Amino acid sequence: MEEKEQFFLEIYNLGIIKFGNFTLKSGINSPIYIDFRPIASRPDLLIKLSDLLLHEVPSYDFELICGVPYAALPIATTLSLRSKIPLIIKRKENKGYGTERMIEGIYKIGQNCLIIEDVITSGDSLLRTIIDLEKEGLIIKNIMSILDREQGGIENIKKRGYNIRTLFRIGEIFKIFQKKSFLKKKERQMIQFFLMKKNIKNIQNKRISYEEKKEKISHPIGKKLIDITLKKKTNLIVSADLIDTKKILKLVSLIGDRICGLKLHVDIINDFSYSFINYLKNISIEKNFLLLEDRKLCDVNPTNCLQLHYGIHKISSWADIVTAHVIAGSMSIQNLNIPYNMGLITISEMSSYGGLSDDNYIRKVLNISLNNPKVIGTVAQRKVDDRLLLFTPGIHFYEKKNNLGNRYIHPVQAFEKNESDFIIVGKAIFQSKNPKITAEEYRNAGWKAYENGL
Ligand code: 5BU
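Small disclaimer: the values here were computed from a predicted structure and weren't measured. (Residues numbered from 1 in each chain as written. Predicted model: local features only at pLDDT ≥ 70, side-chain atom pairs only at ≥ 80, totals over all residues. Heavy atoms only, no water.)

Quick look at the overall build of the chain now. In terms of helices and strands, the chain carries 16 helices and 16 strands. The C-alpha atoms of the chain give a radius of gyration of 24 Å, which matches the 22 Å a tight globule of 454 residues would have. Along the first, second and third principal axes, the C-alpha atoms of the chain reach 75 × 55 × 40 Å. Buried positions account for 52% of the 454 residues belonging to the chain. Put simply, of all contacts in the chain between residues at least 6 apart along the chain, 66% involve residues at least 24 apart. (Helix = DSSP H or I, 4+ residues; strand = E, 2+ residues; numbered from the N terminus. Rg over C-alpha atoms; globule rule 2.2 N^0.38 Å. Buried < 20%, exposed > 50% of the residue type's maximum accessible area, 1.4 Å probe, protein only. Contact = heavy atoms within 4.5 Å.)

Structure representation (structure tokens):
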């Protein structure tokens, strides 16, 4: 331990731990941020680190080494140089041209690959790397991480049957710091707070309930959506992607009792009229569900504003919730002059495969969402901050993906893995033989999956 301890103190001096208020990749807030990237500029420490990692690897039966991009890349490279075992490189995103390969280097199907991760929090980025390597036919038996933040990541990976070891654990590190009286008072307090929160979460190991979430959401329409959900015991939002008002109204008459929201794309409706929208609004009040317009605003502000209030659809006159991309930045969804009881859902990460949003973009959208009081939640394919409602489209019991670029997951996965709050289901319901029964099946699956997480 002495050698490891000494090593950690050396890398700590490079500034790898920062104190403050940080939003992590997942959108979760943390008083500490750990970044091993500075080590890349210190060859002596890189060598020490890779030797320590190699020493801890349980068995030497691997034929390849791969680092989780990007922070672990120089570390994996050093490991490869020290052990003379070949390196392969995992891309974070597809180049979109050329070979479109996600893994670069020389490898063969069936080879055993050691994965190196720097910091493990939820284990999500690691899982993405595992999936991409396995898609190429590689076998993952061993994974080494440098530091475990002890926030469930290691357990998540072990649960899926992988052998993972870590060089350091955050609890251990803080003990070393205490022993050496290393930290300032404020830093000590921040760490105590972090450990306390971490322990509470680990003990409870359960998702946040709708009641707790309601306390954290300040927007009235966010609260109302939760009230409806609790009252009707449904977290199902049906996406009525139909081009004919009669068909939409027929669908609503069948499923209205089972949903907390109805999502529309009004611009696909051939015979849109105000009498239709008034009729629908009345049913939504009578059956107690909200109307979501999936407009996906994505322009600069004056245009977003015009698209919301004017034109044929006058969305702001009837929609309870509207979706928006924030590709144009935080200002694009400020000062939209929307009614006080109308909320926005941002789109952090779409459900399609090959989407262009990377971790950095997603983190920025989550930050913008948390700082805009009109935003009630977001669409993402991962767990997000508890102060945002998480909406998950791309839900299907049986389909995984279609040839149009859409990816689907089971409701259980949406609640279990991502701790989603609402599932959005389209064709699985409106194209089914019996939408009433199918909607009930999705309502039931969504509600049970939510309750099981509590
Ligand atoms: P589906 O029939 O279950 O695939 O319908 C999904 C609906 O959700 C459809 O209206 C899409 O436009 C919408 N959607 C989506 O599929 N994925 C996303 O990331 C977002 C919206 Br945002």
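Picking up where we left off.
In terms of domain boundaries, the chain breaks down into domain 1 (2-204) and domain 2 (210-452). The centre of domain 1, based on its C-alpha atoms, is set 35 Å off from the matching centre of domain 2. (Domains from an automatic or database assignment.)

Right, let's get into the site of the ligand. Near the ligand, the surroundings consist of 14 residues, among which Asp241, Lys263, Ser351, Tyr408 and Lys427 are the closest. Here the ligand, which alone exposes 500 Å², has 87% of that area covered by the protein. Split into classes, the residues belonging to the shell around the ligand amount to 5 nonpolar, 4 polar and 5 charged. (Near = heavy atom within 4 Å. Areas by Shrake-Rupley, 256 points an atom, 1.4 Å probe, with all protein chains shown as cover. Nonpolar A, V, L, I, M, F, W, Y, C, P; charged D, E, K, R; others polar.)

Adjacent strands of a sheet form backbone hydrogen bonds with each other and so pair up, either parallel or antiparallel. Spatial ordering of the open sheet is given by β5-β4-β3-β6-β7-β8, a layout of 6 strands whose pairing is mixed. Pairing within the sheet leaves two strands with one partner each, and these edge strands are β5 (103-104) and β8 (163-169). In terms of strand pairing, strand β3 (residues 64-67) meets strand β6 (residues 112-120) through 4 bridges, oriented parallel. Of the residues in β6, the one forming a bridge with leucine 64 is cysteine 113. Packed on one face of the sheet, helix α3 (residues 73-83) meets β3, β4 (87-90), β6 and β7 (139-148) and runs near 160° to β3. (Pairing = 2+ DSSP bridges. Axes fitted to C-alpha atoms, helices over the stretch in contact; angles between N-to-C directions.)

Scanning the model with the defined rule gives 10 aromatic pairs in all. Their ring planes at 70° and their centres at 4.9 Å tell us that phenylalanine 8 and phenylalanine 168 sit as a pair that is edge-to-face. Of the two residues, phenylalanine 8 sits in helix α1 (residues 2-12) while phenylalanine 168 sits in strand β8, which places them 160 residues apart along the sequence. Accessibility classification places phenylalanine 8 together with phenylalanine 168 in one group, the buried group. What links up through ring pairs into an aromatic cluster is the set Tyr210, Phe391, Phe422, Trp447 and Tyr450. Between the NZ or CZ atom of lysine 4 and the centre of the ring of phenylalanine 168, over which it lies, the distance is 5.6 Å. (Phe/Tyr/Trp six-rings, centres within 6.5 Å; stacked < 30°, edge-to-face > 60°. Lys NZ or Arg CZ within 6 Å of the ring centre and 35° of its normal.)

On to unusual backbone geometry, then. Cis geometry is adopted by the peptide bond preceding tyrosine 70, which originates at proline 69 and carries an omega value of -10°. Position of tyrosine 70 relative to the elements: it lies in the loop between β3 and α3. Its identity is not glycine, yet glutamate 150 carries a phi of approximately 55°, on the positive side. The residue glutamate 419 is not glycine, and still its phi comes out positive at about 55°. Examined against the element boundaries, glutamate 419 turns out to sit in the loop between α14 (411-416) and β16 (422-425).

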